[in-house]
Amino acid sequence: PHLRADTERANRQLEEEEISYRSSGGDDQVLIIPIVFHIIHDNGPENISDEQVYSAMEVLNRDFRLLNDDVSDVVSEFEDLPSDIHIEFRLAKRDPDGNCTRGINRVETSLTYQGDSQMKSLIYWPREMYMNVWVCADAGGAAGYTFLPGSVDNPWMEDEDGIVLLHDYTGDMGTSNVFRSRTLTHEVGH
């Protein structure tokens, strides 16, 4: 019950912030969200290239800015819903200590086959400053997963906040493909 109450409180707060943002003219601004990819690998195909990460970023930004080519394919019942939501994601340029970064970290470990909390605990950047994405070999049978915002709004869950993706559902090239490329967009939607 306390988790449900926390989730409802977080959702209300998010709605209030959205109303405040829109009333302050926020719709005319583009919100930039720094993102960091933690490539958790065991020297296998899950150690994706920087180019594959860049392609994931391109797909994500195209979808969130409504610049994707398949907008005309939206089912008629939903055709009035797609919109440019004025959010862009950019690879982080500074790490939490202020040092220059490419926004891509690589950690070699067999925990890539677990894709769980223990794997996430290897490297995590503060959620107040970055969106964390962990790329791995196994995500517990899913193409990717994340927790709803309210469910990680507790001190013991803060370092769980982020997205876990299978390497072959990241971007539209390398170990992935066009048909699997929107898993990150889907998870960010949560």
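Above: the structure in question.
Not measured: the values here are computed from a predicted model.

Undergrad: Can you walk me through the overall build of the chain in this structure?
TA: In terms of helices and strands, the chain carries 4 helices and 6 strands. Secondary structure of the chain in N-to-C order comes out as α-β-α-β-β-α-β-β-β-α. Its C-alpha atoms give the chain a radius of gyration of 17 Å, within 12% of the compact-globule value 16 Å for 190 residues. With respect to the three principal axes, the spread of C-alpha positions in the chain is 50 × 40 × 35 Å. Counting across all 190 residues of the chain, residues that qualify as buried make up 41%. Long-range pairs, those at least 24 residues apart, make up 71% of the contacts in the chain between residues at least 6 apart in sequence. Total accessible area on the chain stands at roughly 10,700 Å², and carbon and sulfur atoms take up 52% of it. Mean positive and mean negative side-chain charge positions of the chain (15 and 36 charges, respectively) differ by 3 Å.

Undergrad: Any chance you could explain the environment of Asp63 here in plain terms?
TA: Along the chain, Asp63 turns up in helix H2 (residues 50–64). Overall, the relative accessible area of 14% leaves Asp63 in the buried class. For the pair Asp63 and His186, spaced 123 residues apart in sequence, the C-alpha separation works out to 9.8 Å. Each residue touching Asp63, except ones within four places of it in the same chain, is listed here: Asn68, Arg182 and Thr185.

Undergrad: Whenever I open this one, the nonpolar core confuses me. Can you help?
TA: Membership of the largest hydrophobic core comes to 20 residues, with the highest contact counts inside it found for Ile35, Phe37, Phe89, Val133, Leu184 and Val188. Contributions of two or more residues to this core are made by strand S1 (31–41), H2, strand S2 (87–91), strand S4 (131–136), strand S6 (163–166) and helix H4 (183–189). Among the elements that take part in this core, H2 stands out by supplying 5 residues, more than any other. If we ignore the near neighbours within four places in the chain, the residues touching Val133 are Ile35, Val36, Phe37, His38, Ile163, Leu165 and Leu184. Counting residues in each nonpolar core, the second largest holds 15 residues, with Val36, Ile40, Cys136 and Val164 among its members.

The rules behind these values
- Residues numbered from 1 in each chain as written.
- Predicted model: local features only at pLDDT ≥ 70, side-chain atom pairs only at ≥ 80, totals over all residues.
- Heavy atoms only, no water.
- Helix = DSSP H or I, 4+ residues; strand = E, 2+ residues; numbered from the N terminus.
- Rg over C-alpha atoms; globule rule 2.2 N^0.38 Å.
- Buried < 20%, exposed > 50% of the residue type's maximum accessible area, 1.4 Å probe, protein only.
- Contact = heavy atoms within 4.5 Å.
- Areas by Shrake-Rupley, 256 points an atom, 1.4 Å probe, with all protein chains shown as cover.
- Lys, Arg positive; Asp, Glu negative; His and termini not counted.
- Charge placed at Lys NZ, Arg CZ, Asp CG, Glu CD.
- Core = buried A, V, L, I, M, F, W, Y, C linked by side-chain atoms within 4.5 Å.

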